[in-house]
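Reading the structure
One letter stands for each residue in the lines below.
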Amino acid sequence: MTKSFDVIGIGNAIVDVIAPADDAFLDHMGIEKGIMQLVERERAELLYAAMTERVQTPGGSVANTIAGLGKMGLATAFIGKVKGDALGRSYAAGMEADGIVFPNPPVPDAALPTSRCMIFVSPDGERSMNTYLGAGVDISAADVDEAVFEGAGLVFLEGYLFDKEEGKTAFREAARLARRAGGRAGLTLSDPFCAERHRADFQALIAEELDVVIGNEAEWTTLYQSDLETALDRAASAAETVVCTRSGEAVILRRGGERLEAPVRRVTPVDATGAGDQFAAGFLYGYVRGAPLETCGRMGVAAAAEVIGHVGPRPETDLLAVFDREGLV
């Protein structure tokens with residue numbers, strides 16, 4: 001592969017299945033509102049069958065970020081693993097249709113079905129996610145093609161990959177190849193429980209291998225077991241660029257001794273799915289193009305505001321036009 005990519009993502013390839021649901025339905029199905037919970041295969045099939053007005057789209061946290069970056073005109077690729085079943089084939093086709101290179105073809109004999117996340121959206125926009133970790137979590141260093149990283153600008157990694165040993169090998173191999181190609185490496189912390197489970201690994205990665213790390217307030221305080229400012233001080237002393245989103249409050253941006261904030265305009269979400277993923281897309285768009293740190297933060301905020309205004313985790317509006325209206329490009 002000779003094409004150079006501005007950003008390469010690596011993470012769980014998950015089909016997002018989104019449907020409306022009121023609180024009575026959630027109670028009836030035993031779904032805890034507003035959180036992400038892992039489910040087994042049988043439970044996943046039950047919930048999938050119970051969904052009406054389904055919208056299916058290629059998903060996964062970093063995959064959604066990469067899709068947002070691709071829609072802004074950057075050359076992107078996503079490394080993930082799907083089975084050669086109907087969902088897996090549709091996932092690969094959907095990524096390619098969005099202009100994202102998906103270098104790993106579906107695996108016909110994968111041991112597990114393609115991963116999927118059943119997302120129930122309440123009338124207030126709250127999302128309740130039920131994730132079945134199928135074939136996507138079996139990604140390993142063997143699935144990371146060295147040729148994809150030739151001339152890579154940035155590799156962006158998903159914290160969830162650390163939930164299996166194989167994922168750790170893929171994670172570290174991708175970071176190594178990006179660095180060897182002269183690129184940079186970034187990470188999304190993914191979830192407070194993820195930060196808690198992998199605290200030592202994440203702290204070591206931030207100190208030794210990462211240039212940019214994005215997380216929310218709960219993820220940062222969990223990772224360093226401290227108040228927020230202390231956590232960000234520790235992170236900023238180790239990584240070049242540190243970002244903290246705060247659920248409707250100004251985003252905190254750290255680089256060396258610099259501390260900036262990007263303001264947030266509060267809006268009522270139609271669907272909060274993908275807000276963090278598209279914040280990362282907006283931020284990284286500015287980051288790889290060398291924009292000032294505060295501008296990167298404001299781009300992230302604008303991208304997140306767009307995605308929560310409609311159902312689905314990926315942008316429907318031209319984000320570059322949004323940036324232009326706000327004087328960011």
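In this text the structure is predicted, and so the values were computed from the model without any measurement.

Rules of the game
- The residue numbers shown here count from 1 along each chain, following its written sequence.
- Side-chain atom pairs in this predicted model are given and counted only at pLDDT of 80 or more, local residue features only at pLDDT of at least 70, and totals for whole chains, interfaces and linings cover all residues.
- Excluding hydrogens and water, the side-chain figures rest on all heavy atoms present in the structure.
- Only one rule defines a salt bridge in this text: a Lys or Arg side-chain nitrogen within 4 Å of an Asp or Glu carboxyl oxygen.
- Helical segments are the DSSP runs of H or I of at least four residues, strand segments are the runs of E of at least two, and each set is numbered from the N terminus.
- Only protein chains enter the accessibility calculation, which uses a 1.4 Å probe. A residue is then buried if its area is under 20% of the maximum for its type, exposed if over 50%, and partly exposed in between.
- Only heavy atoms enter the contact rule, under which two residues are in contact if any of them lie within 4.5 Å.
- For two strands to be treated as a pair, DSSP must find at least two bridges joining them.
- In this description, a nonpolar core means a group of buried Ala, Val, Leu, Ile, Met, Phe, Trp, Tyr and Cys residues linked to one another through side-chain atoms lying within 4.5 Å.
- Nonpolar side chains (Val, Leu, Ile, Met, Phe, Trp, Tyr) are joined into patches within 5 Å and like charges within 9 Å, using only residues with over 30% relative accessible area and no salt bridge.
- Note that accessible areas follow from Shrake-Rupley with a 1.4 Å probe, and for residues the cover is restricted to the protein chains shown.
- Axes here mean lines fitted to C-alpha atoms, for a helix over just the part in contact, with angles spanning 0 to 180 degrees between N-to-C directions.
- UniProt positions are given in the numbering used here, feature names are shortened, and annotations may be inferred rather than shown by experiment.

Before going further, it helps to examine the pattern of salt bridges. Tallied over the full model, the rule gives 18 salt bridges. Its salt-bridge partner being Asp-233, residue Arg-254 comes within 2.8 Å of it at the nearest N-O pair. With Arg-254 in strand β12 (residues 249-255) and Asp-233 in helix α9 (residues 228-236), the pair connects residues that are 21 residues apart, well separated along the chain. The exposure class assigned to Arg-254 is buried, which follows from its relative accessible area of 9%. For Glu-249, the salt bridge is made with Arg-266, and the minimal N-O distance between the two is 2.6 Å. Residue Glu-249 is located in strand β12, and its partner Arg-266 is located in the loop between β13 (258-262) and α10 (275-288); the two are separated by 17 residues in the primary sequence. Its relative accessible area of 38% is what places Glu-249 among the partly exposed residues. We classify Arg-266 as exposed; its relative accessible area is 60%.

Right, let's get into the environment of Met-36. The residue Met-36 is located in strand β3 (residues 36-38) in this model. Its relative accessible area of 25% is what places Met-36 among the partly exposed residues. Separated by 82 residues in sequence, Met-36 and Met-118 have C-alpha atoms that sit 9.8 Å apart. Sequence-distant contacts of Met-36, that is, excluding residues within four places in its chain, are made with Met-129, Thr-131 and Tyr-160.

In this section: the pairing of β13. Sheet topology places β12 next to β13; five bridges connect them, and they run antiparallel. The residue bridging Arg-255 from the neighbouring strand is Glu-258, located in β13. Between β12 and the antiparallel strand that follows it, β13, lie two residues; Gly-256 among them carries a positive phi value of about 60°.

This part takes up the nonpolar core. Judged by nonpolar contacts, the single largest core of 58 residues is most densely connected at Leu-69, Phe-78, Tyr-91, Phe-283 and Leu-284. In this structure, Leu-69 is in contact with Val-7, Leu-74, Thr-76, Ala-281, Leu-284 and Tyr-285, ignoring residues within four places of it in sequence. The next biggest cluster of nonpolar side chains, apart from the first, holds 44 residues, and it includes Val-144, Leu-157, Ala-195 and Leu-205.

With that settled, consider a nonpolar patch on the surface. A surface patch of nonpolar side chains, amounting to about 220 Å² of accessible area, comprises Val-55, Val-270 and Val-311. Mapped onto the elements of the fold, Val-55 is located in strand β4 (residues 55-59).

Turning our attention to the sheet that holds strand β7 (residues 127-132). Spatially, β3-β7-β6-β2-β4 is the arrangement adopted by the five strands of the open sheet, whose pairing is mixed. With partners counted over all chains shown, the strands left at the sheet margins are β3 and β4, one partner each. For this sheet, the mean angle separating the axes of adjacent strands, direction not counted, is 20°. Helix α2 (residues 41-50) rests against β2 (14-20), β4, β6 (115-121) and β7 of the sheet, and its axis sits at about 45° to β6. Together, β2, β4 and β6 form the strand contacts of helix α4 (residues 86-97), whose direction differs from that of β4 by roughly 70°.

UniProt records the feature "domain: Carbohydrate kinase PfkB" (unreviewed entry) at residues 51-314, using the numbering of this structure. Secondary structure across residues 51-314 divides into 38% helix and 21% strand, with the first and last C-alpha atoms of the span separated by 20 Å.

Strand order across the open sheet formed by eight strands is β5-β1-β8-β9-β10-β11-β12-β13, with mixed pairing between neighbours. Two strands in the sheet have a free side with no partner beyond their single neighbour: β5 (76-79) and β13. This sheet shows a mean twist of 15° between the axes of neighbouring strands, independent of strand direction. With five bridges joining them, strand β8 (residues 154-158) and strand β9 (residues 184-188) adopt parallel strand pairing.

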